[in-house]
6 protein chains.
Amino acid sequence: MPGHKPLKIMFLSPVGYADSDPIFAAMAAEHKLPGTEVHVTSLPASEGGFTHIEYRSYEAMVTRGIIRATRAAAREGFDALAIGCFYDTALHDAREVSEGMIVTAPCVASCEIAASLSNRFGIIVGRRKWVHQMQSTVREHGHEHRLSGFYHVELGVNDFQKDHAETEQRLIGAGRKAVEEDFAEALILGCTMEVGFYRDLEKRLGVPVIDPSIAALKRAEYAAILKRQCGWVPSRKWSSEAPPEDEIARFGQFDTGEPFGNRIVVEAA
Amino acid sequence: MPGHKPLKIMFLSPVGYADSDPIFAAMAAEHKLPGTEVHVTSLPASEGGFTHIEYRSYEAMVTRGIIRATRAAAREGFDALAIGCFYDTALHDAREVSEGMIVTAPCVASCEIAASLSNRFGIIVGRRKWVHQMQSTVREHGHEHRLSGFYHVELGVNDFQKDHAETEQRLIGAGRKAVEEDFAEALILGCTMEVGFYRDLEKRLGVPVIDPSIAALKRAEYAAILKRQCGWVPSRKWSSEAPPEDEIARFGQFDTGEPFGNRIVVEAA
Amino acid sequence: MPGHKPLKIMFLSPVGYADSDPIFAAMAAEHKLPGTEVHVTSLPASEGGFTHIEYRSYEAMVTRGIIRATRAAAREGFDALAIGCFYDTALHDAREVSEGMIVTAPCVASCEIAASLSNRFGIIVGRRKWVHQMQSTVREHGHEHRLSGFYHVELGVNDFQKDHAETEQRLIGAGRKAVEEDFAEALILGCTMEVGFYRDLEKRLGVPVIDPSIAALKRAEYAAILKRQCGWVPSRKWSSEAPPEDEIARFGQFDTGEPFGNRIVVEAA
Amino acid sequence: MPGHKPLKIMFLSPVGYADSDPIFAAMAAEHKLPGTEVHVTSLPASEGGFTHIEYRSYEAMVTRGIIRATRAAAREGFDALAIGCFYDTALHDAREVSEGMIVTAPCVASCEIAASLSNRFGIIVGRRKWVHQMQSTVREHGHEHRLSGFYHVELGVNDFQKDHAETEQRLIGAGRKAVEEDFAEALILGCTMEVGFYRDLEKRLGVPVIDPSIAALKRAEYAAILKRQCGWVPSRKWSSEAPPEDEIARFGQFDTGEPFGNRIVVEAA
Amino acid sequence: MPGHKPLKIMFLSPVGYADSDPIFAAMAAEHKLPGTEVHVTSLPASEGGFTHIEYRSYEAMVTRGIIRATRAAAREGFDALAIGCFYDTALHDAREVSEGMIVTAPCVASCEIAASLSNRFGIIVGRRKWVHQMQSTVREHGHEHRLSGFYHVELGVNDFQKDHAETEQRLIGAGRKAVEEDFAEALILGCTMEVGFYRDLEKRLGVPVIDPSIAALKRAEYAAILKRQCGWVPSRKWSSEAPPEDEIARFGQFDTGEPFGNRIVVEAA
Amino acid sequence: MPGHKPLKIMFLSPVGYADSDPIFAAMAAEHKLPGTEVHVTSLPASEGGFTHIEYRSYEAMVTRGIIRATRAAAREGFDALAIGCFYDTALHDAREVSEGMIVTAPCVASCEIAASLSNRFGIIVGRRKWVHQMQSTVREHGHEHRLSGFYHVELGVNDFQKDHAETEQRLIGAGRKAVEEDFAEALILGCTMEVGFYRDLEKRLGVPVIDPSIAALKRAEYAAILKRQCGWVPSRKWSSEAPPEDEIARFGQFDTGEPFGNRIVVEAA
């Protein structure tokens, strides 16, 4: 990066479960720019030991942790933060308290990339349960007219990495349906735990396949570059206004306890 | 009500601040059906002493409390629950864990009523800050094509009940703008703390004015009646699926501590 | 109801055919609140002896009768009127002349309920013929993004009550398709003559099934309660303006002849 | 026209009031093709002596007459029929029973023309009362994204032809607002009784001004030409299905009495 | 036509390939009004000898030629011009330099007709490749809510006229799918080279089938009639503003070389 | 960048006018990453000496040149290309022939950034003329629901750099209107020739101001990084299919003549 200080990116896994952090750290090490420092974090056990947040009610339990983590990351001087769940959990909430740090997330990051490479794309998810909420998110992001559909493979978040051969076979089946029956021109993997499969899927299916964890990381890094070079930081006007610090202090809920349960630092080169 | 057991409604103020509970209890006492029992509750101090949740990040801090309260209410046998904030905070999240209890909220309840009485309505809010999120909510509910606009009166949630004359004057000014300049045919008060003003506004402005606290309470009561008479309870299929109880138990976050910080019971007649 | 005078609801079957009136009266007797008085009415023979209004041109023939009936009901002091056809025939027209009486109809009433119990629902209709118009109605009401689709069972309005076993079998087949193939989470029966089947369908299909006749009746009763307790009556501003009485008198078409061909009164308890 | 038989167009004024018929007949005589025969008709007094149908409830009273007139026109061998009201009153209803005759109306005809001459247009109406319904109609026709807005001049349908200088002055004022403040590139006069002003408005405002009566007449004539030369007549499939003749006969409402109250024939040259 | 001078219509085939011009000339001769003069033209070889423009990049190569041809046609005194490609290639660009001449194209012309004859229609195209762009065009025109879908028959533009029996068989197969499976009530042939099949398809499928070449020609003729009789010519206000002539001259690209590569004149009778 | 070969980006000014190229080269030199090589190019005089393409017909004249330049850039091994006009001229056309090179443009790039920093933004353009087309583009990109509006300053493309003080004053005036009256939270400068003003505007207005030239350059660089690190290149499936090379050769229009009129190379560090 242009300056001398490394870009600082946080990849926050919004679960109280650190087992996947090394997977994301390996992904980050492989995909970040040399001058970027990435911290892969997850939530503390005090926020609940959620191993996944497939349910809206699980998300609702961890948003508090996301806000605390966002605030802590901003205070630590991170340039950008990626929330590591394809629901883009608490994205707008976190943006409100991110100060000069940009916040992004996998769904919006993936849709931007897919839209630049194709006119129509499908999203492969684990369970039908997820579809309604993700469709609302894609609509809010402005990409609904590009969707060929959602395709579920009957796997939960914690199942994707159990049997790679089985997972890959199911993802290929769903991808083929999207491309051949519904005329998708690109695919998005609709869960950050689908990490690691995109290259094989691309080879098998002949269309771009977007990995949402990588997309979120790279979108965060892109935002960090824009911040450094152009000074583009979040608006704090109208709906983007942050809460007043004295009120935050008075309510006393934001800065209590350790915000992270785990942290793996991937250093800049 | 047809049966013998009273309808049980909870009106949950999603703040850790009980000062407004008597206002809502008085509203409930005045507006409930005789055979309805209403519990006005708010969140425990352990969830943060938020006196308002005007900010998205404040909402994100209290969603955990809303989930716990919803779950507790369902277990206590409530027929329906109204979440007392015009953001309809955590409505879909709460519905997921409400079991056989119906969950509703002020924005959706008010829009349904306004749409049945007029073709176009305006929403009077406290601050411009709120508009973007509320507009998304109204769009998601399906009423955006009926909106004449949002009108802010430069008052925070905790200001509405401070100086009634001043508040009323501002609400009238905003309402007049909506009706005369933007052709609104009805008005919605876009904050549950705007409670108590609707009748005077109606007299002054000559159009229906919907009070969102009353709307939420009555919509909950209506849902309770439908449940009792027709057996209509929430779907648990596809996106409406609830999390598995064993997993909830394992994560250990849902049923810990006292879910309510305050409770006023308005008895059935 | 809180006061002493019973709530007065009219359920108007917009056909010149009284044979179904007892079915609706039985439905009303079973589902109304004790303090509610329901009049089930249909149109006079002078408006044509339509046994159904499946065709737009049939609807166009009976709108005159609906206007006259609405006006008569308002004059008789009814609190609310439900138009008993899932096309929501002449809903906006009738609202214009309803004075202080609220007018509702089955489609809007059913969609509101289904949307409170699920995120996505299907509508089971008699014939494909109906779909285009009903889809426009659902879109106008604001619920199109929740639709899984329409499912027709190749039965006309007057066929549903002929062979209950056959009807039920077809409704179950259509419902299963909606739920299993198109991921509907709830169902609406898209014809008031599908009355009587919802409970069995719910048992068989495991999702909420909304009966539109009951929904319309209960929505009218809910509106009547809101009128009594909150004073919420239709707006008469801008597009909701009523025609001037002297002009109505001059045109001489509104108050001629008997507005009802049949009336069954279901008394308040 | 190609063949030898003149094209037969009916311009149906859906009111029971013949005073404007000569105005429309003069318009037709001036604007039809030589080989076209135009019958300007209005409804019989038995359908109510409505001098205008500004109210939805007035429309609801005359739809029966429109259906009867449509059916009669089809039986008389008309090629196309234009319903002479900018609400496009009963357009879809009439199409159902038009057999091989095409039915059109002023709003859809005007929007098609304005969209071919500009990217954005405004509609000048008499009273604000009309706007909500017309906006729904424009949306249904598919032109809402082209609207700069509606502009009302505080004149009723029966006022436009009273004081031409006053009317013109108001139309110019509204048109100027549309063009200069809201960037309209063309204008539509949103009432068939605004007939006669478009040429002067065009000169004064410098943008195309569409007269809806002429638009409806010419769109009907265009449809008639397409019918004669290409055989394009209305679909009768699915939602376009017509009611069965035996049922129509049984209900006995369609072919009773004289369908027209007045008729002026403008002969082919 | 009313006046004495024939209506002058140009049908411009936006390819540098004259082989299809006689087909379009025969179509024009058969379908124009007697008093209409039609010039069927195509682009000069200097603009590239494109035999079709199925690809967006091919279109991008010929837009220059379309602009030059449009300008030349306007200067020659044509009343209206139809661009002979179902992509409606360069429609808005050409309108900008058409002076007092109206420009139309097959997709918009066909949709207007289909919408007047049915509530829902399908479009039969050659290859899936075309669909995304055409769907955007249909959406921009405002007809997307009427679409049952696009149906491709695996034929390129230059294949349709090779084996008529084979083409017809495929069109019938696609049309049947649209009507029977997706409930289309009318069909549009989505390529001007599908000319010649519509009558047989109508007979076989029992629904209106719109030929886009004829639709474009007749829509141009209709526009020409409106221009002559009502003076309705394109707006030149705001986004419809034409470039200044002195700048056009300075850039020196518009009026160089012969604009047409071929011309067949179909005389007025 | 991770590998050793510099990222190669082309910034193509789609005019036949090299005077602005040094401005863009200076912008690129200041804003690119060290390891990125940027070529700023414009079109050859043979494609017309357009100094701007404010008119659709001007765009239509240069699309041929854009296609040729895109193809040449792909052949030269560029990783990504940014089309330097806020109309995003020929974006989809160019993508079709870009082979493994990603194509982006200022409008889409700016909207993505503005949406990541705010919930609602305004676009400051030169002339009202541009608005309709740009609004369609923003809608197609999926950002229309975030627009506060377009604000024109009555300057043409070639005027922005004439009197910097005057330009800045006008941009500030428009920006203030957007922020204060229409509640914009960020601004986009809607013309690549508005380059150079964003920092001062940000200081004066207190909201993020996106420079579209920088946005396009950086989005191209981001795409290049994703290509190198993840292998994400354009889909060639369905609507993204490229034309066959043998046909391109046969038509003989794509690879003739020099594709660039000017080129400034900004070397990698």
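Values in this document were obtained by computation on a predicted structure and should not be read as measured data.

A word on the overall build of chain A
Argument step 1. Per the secondary structure count, chain A includes 9 helices and 9 strands.
Argument step 2. The C-alpha radius of gyration computed for chain A amounts to 18 Å, which stays within 12% of the reference 18 Å derived for 269 residues, consistent with globular compactness.
Argument step 3. Principal-axis analysis of the C-alpha atoms places the extent of chain A at approximately 55 × 40 × 35 Å.
Argument step 4. Looking at chain A as a whole, 70% of its 269 residues qualify as buried.
Argument step 5. Sequence separation of 24 or more characterises 76% of the internal contacts of chain A that already satisfy a separation of 6 or more.
Argument step 6. Only carbon and sulfur atoms are counted for the fraction: they give 49% of the accessible area of chain A, which is about 7,800 Å².
Argument step 7. Averaged over its 30 positive side-chain charges, chain A has a centre that lies 3 Å from the centre of its 37 negative ones.

Focus: the relation of the copies chain D and chain E
Relating one copy of the chain to the other takes a rotation about an axis and a shift parallel to that axis.
Argument step 1. With an RMSD of 0.0 Å, the fit of chain D onto chain E corresponds to turning through 180° and sliding 0.0 Å along the axis. Each copy turns onto its partner about a two-fold axis. Distance from the rotation axis, computed per C-alpha, reaches its smallest value in chain D at Gly142 of chain D: 2.1 Å.
Argument step 2. A high fraction, 100%, of the interface residues of chain D reappear at the interface in chain E, so the copies pair face to face through one surface.

So, the environment of Ala26 of chain B
Argument step 1. Along the chain, Ala26 of chain B turns up in helix H1 (residues 21-31).
Argument step 2. With 179 residues separating them in the primary sequence, Ala26 of chain B and Leu205 of chain B have C-alpha atoms 25 Å apart.

Here we look at the environment of Ala220 of chain B
All names here are of chain B.
Argument step 1. Here Ala220 lies in helix H8 (residues 212-230).
Argument step 2. With a relative accessible area of 0%, Ala220 lands in the buried category.
Argument step 3. Each C-alpha atom of the pair Ala220 and Ala18 lies 21 Å from the other, and the pair is 202 residues apart in sequence.
Argument step 4. In contact with Ala220, not counting residues within four places along its chain, are Ile9, Ala80, Leu81, Ala82 and Thr104.

Concerning the relation of the copies chain B and chain F
Argument step 1. After a rotation of 120° and a shift along the axis of 0.0 Å, chain B superposes on chain F with an RMSD of 0.0 Å. Such a turn and shift between the copies fits a three-fold axis. For chain B, the residue whose C-alpha comes nearest the rotation axis is His145 of chain B, separated from it by 7.6 Å.

A word on the interface of chain B and chain F
Argument step 1. Contact residues are listed per partner, giving 4 residues for chain B and 4 residues for chain F.
Argument step 2. Contact with chain F buries area across many residues of chain B, yet Arg128, His132 and Arg139 of chain B alone supply 84% of it, more than any other trio.
Argument step 3. At the surface where chain B touches chain F, the tally comes to 0 salt bridges.
Argument step 4. Between chain B and chain F we count 0 residue pairs in polar contact (both at pLDDT 80 or more) in total.

Brief notes about the packing of aromatic side chains
Argument step 1. Under the criterion given, the structure shown has 63 aromatic pairs over all chains.
Argument step 2. When the ring of Tyr198 of chain A is compared with that of Trp232 of chain F, the centres are 5.4 Å apart and the planes differ by 55°; the resulting orientation is tilted. Pair noted here: Tyr198 of chain A is in helix H7 (residues 198-205) and Trp232 of chain F is in the loop between helix H8 (212-230) and helix H9 (245-251), and the two residues belong to different chains. By the burial criterion, Tyr198 of chain A is buried, and Trp232 of chain F matches it.
Argument step 3. For the pair Phe254 of chain E and Phe50 of chain F, a centre-to-centre distance of 6.3 Å together with 75° between the ring planes defines the contact as edge-to-face.

Considerations on helix H1 (residues 21-31) of chain E
Argument step 1. Inspection of H1 of chain E places Asp21, Phe24, Ala25, Met27, Ala28 and His31 of chain E among the buried residues, and these make up the whole buried set. The arc enclosing the buried residues of H1 of chain E, seen along the axis, measures out at 160°, which places them on a common side.
Argument step 2. Turning to H1 of chain E, the residues buried within the fold contact helix H8 (212-230) of chain D together with strand E1 (7-13), strand E2 (36-42), helix H7 (198-205), helix H8 (212-230) and strand E9 (262-266) of chain E.

A closer look at the side chain of Arg71 of chain E
Residues and elements named next belong to chain E.
Argument step 1. Along the chain, Arg71 turns up in helix H2 (residues 56-76).
Argument step 2. On the basis of relative accessibility, which here comes to 2%, the residue Arg71 falls in the buried class.
Argument step 3. Reaching out from Arg71, the side chain makes a polar contact with the side chain of Glu245 at a distance of 2.8 Å.
Argument step 4. Engagement of the side chain of Arg71 in a polar contact is seen with the side chain of Asp255, the distance being 2.7 Å.
Argument step 5. Apart from residues lying up to four places away in sequence, Arg71 is in contact with Val97, Glu99, Glu245, Ile248, Phe254 and Asp255.

Things to note about the sheet that holds strand E4 (residues 102-104) of chain E
Residue and element names in this part refer to chain E.
Argument step 1. The mixed open sheet is built from 5 strands, whose spatial order is E4-E3-E1-E2-E9. Single-partner strands in this sheet number two, and they are E4 and E9. Averaged over all pairs of adjacent strands, the angle between their axes in this sheet comes to 20°, without regard to strand direction.
Argument step 2. Of the strand pairs in this sheet, E1 and E2 are connected by 7 bridges, and their pairing is parallel. For Leu7, the partnering residue across the bridge sits in E2 and is Thr36.
Argument step 3. H8 rests against E1, E2, strand E3 (80-83) and E4 of the sheet, and its axis sits at about 150° to E1.

So, the packing of helix H2 (residues 56-76) of chain C against helix H2 (residues 56-76) of chain D
Argument step 1. The interhelical angle for the contact between H2 of chain C and H2 of chain D, taken along N-to-C directions, is 145°, at an axis separation of 8 Å. Crossing of H2 of chain C over H2 of chain D shows left-handed handedness. Residues Ser57, Ala60, Met61, Thr63, Arg64, Ile67 and Arg68 of chain C of H2 of chain C form the contact with H2 of chain D, whose participating residues are Ser57, Ala60, Met61, Thr63, Arg64, Ile67 and Arg68 of chain D.
Argument step 2. Considered class by class, the residues forming the contact of H2 of chain C with H2 of chain D number 6 nonpolar, 4 polar and 4 charged.

Quick look at the sheet that holds strand E5 (residues 121-125) of chain A
All names here are of chain A.
Argument step 1. Read from one edge of the open sheet, 4 strands run E6-E5-E7-E8, paired in parallel fashion. Each edge of the open sheet carries a strand with a single partner, namely strand E6 (147-152) and strand E8 (209-210).
Argument step 2. Examined bridge by bridge, E5 and strand E7 (residues 186-189) share 4 bridges and lie parallel to one another. Along E7, the bridge assignment pairs Ile124 with Leu189.
Argument step 3. Strand contacts of helix H6 (residues 164-182): E5, E6 and E7, with the helix running at about 155° to E6, the strand carrying the most contacts.

Notes on the interface of chain D and chain E
Argument step 1. Across the contact, 53 residues belong to chain D and 54 residues belong to chain E.
Argument step 2. When residues of chain D are sorted by the area they lose upon contact with chain E, Tyr222, Trp232 and Trp238 of chain D head the list and together hold 17% of the total.
Argument step 3. Applying the counting criterion to the chain D and chain E interface returns 0 salt bridges.
Argument step 4. Put simply, chain D and chain E have 37 residue pairs in polar contact (both at pLDDT 80 or more) between them.
Argument step 5. The set of elements that each furnish at least two residues to the side of chain D that touches chain E consists of helix H3 (91-96), helix H4 (106-117), helix H5 (131-141), helix H6 (164-182), helix H7 (198-205), strand E8 (209-210) and H8 of chain D.
Argument step 6. For the side of chain D that touches chain E, the element with the most residues is H8 of chain D, which contributes 9 residues.
Argument step 7. Of the residues that constitute the side of chain D that touches chain E, the class distribution is 26 nonpolar, 13 polar and 14 charged.

Concerning the domain arrangement of chain A
Residues and elements named next belong to chain A.
Argument step 1. Here the domain parsing of chain A yields domain 1 (7-105 + 214-266) and domain 2 (107-212).
Argument step 2. Listed by partner, the interface residues are 24 residues for domain 1 and 31 residues for domain 2.
Argument step 3. When the area that domain 1 buries against domain 2 is broken down by residue, the three leading residues are Glu54, Phe86 and Tyr87, summing to 35%.
Argument step 4. At the junction of domain 1 and domain 2, the tally comes to 2 salt bridges.
Argument step 5. Of the charged contacts in the structure, one is a salt bridge between Glu112 and Arg219, with a shortest N-O distance of 2.8 Å.
Argument step 6. Summed over the shared surface of domain 1 and domain 2, the number is 17 residue pairs in polar contact (both at pLDDT 80 or more).
Argument step 7. Along the lines of polarity and charge, the residues of the side of domain 1 that touches domain 2 split into 13 nonpolar, 6 polar and 5 charged.

Quick notes on the pattern of salt bridges
Argument step 1. If you walk through the whole model with that rule in mind, you get 126 salt bridges over all chains.
Argument step 2. Taking the shortest distance from any N to any O, the salt bridge between Glu99 of chain E and Arg75 of chain E comes out at 2.8 Å. Highlighted residues: Glu99 of chain E in the loop between helix H3 (91-96) and E4 and Arg75 of chain E in helix H2, separated in sequence by 24 residues.
Argument step 3. The class of Arg75 of chain E is partly exposed, set by a relative accessible area of 46%.
Argument step 4. In this structure, Lys177 of chain E engages Glu181 of chain E in a salt bridge whose closest nitrogen and oxygen atoms are separated by 3.9 Å. Here the residue Lys177 of chain E and the residue Glu181 of chain E both occupy positions in helix H6 (residues 164-182), the gap between them amounting to 4 residues, near one helical turn.
Argument step 5. Overall, Lys177 of chain E belongs to the partly exposed group, its relative accessible area being 39%.
Argument step 6. Several salt bridges share partner residues, and in doing so they unite Arg71, Arg75, Glu99, Glu245 and Asp255 of chain A into one network.

Definitions and cut-offs
Residues numbered from 1 in each chain as written. Chains lettered and ligands numbered in written order. Predicted model: local features only at pLDDT ≥ 70, side-chain atom pairs only at ≥ 80, totals over all residues. Heavy atoms only, no water. Helix = DSSP H or I, 4+ residues; strand = E, 2+ residues; numbered from the N terminus. Rg over C-alpha atoms; globule rule 2.2 N^0.38 Å. Buried < 20%, exposed > 50% of the residue type's maximum accessible area, 1.4 Å probe, protein only. Contact = heavy atoms within 4.5 Å. Areas by Shrake-Rupley, 256 points an atom, 1.4 Å probe, with all protein chains shown as cover. Lys, Arg positive; Asp, Glu negative; His and termini not counted. Charge placed at Lys NZ, Arg CZ, Asp CG, Glu CD. Least-squares fit on C-alpha atoms with pLDDT ≥ 70 in both. Buried area = accessible area lost by both parts, 1.4 Å probe. Salt bridge = Lys/Arg side-chain N within 4 Å of Asp/Glu carboxyl O. Polar contact = N/O pair within 3.5 Å; in protein donor to acceptor, adjacent residues only side chain to side chain. Phe/Tyr/Trp six-rings, centres within 6.5 Å; stacked < 30°, edge-to-face > 60°. Arc of directions from axis to C-beta. Pairing = 2+ DSSP bridges. Axes fitted to C-alpha atoms, helices over the stretch in contact; angles between N-to-C directions. Left-handed = near helix turned anticlockwise from the far one by under 90°. Nonpolar A, V, L, I, M, F, W, Y, C, P; charged D, E, K, R; others polar. Domains from an automatic or database assignment.

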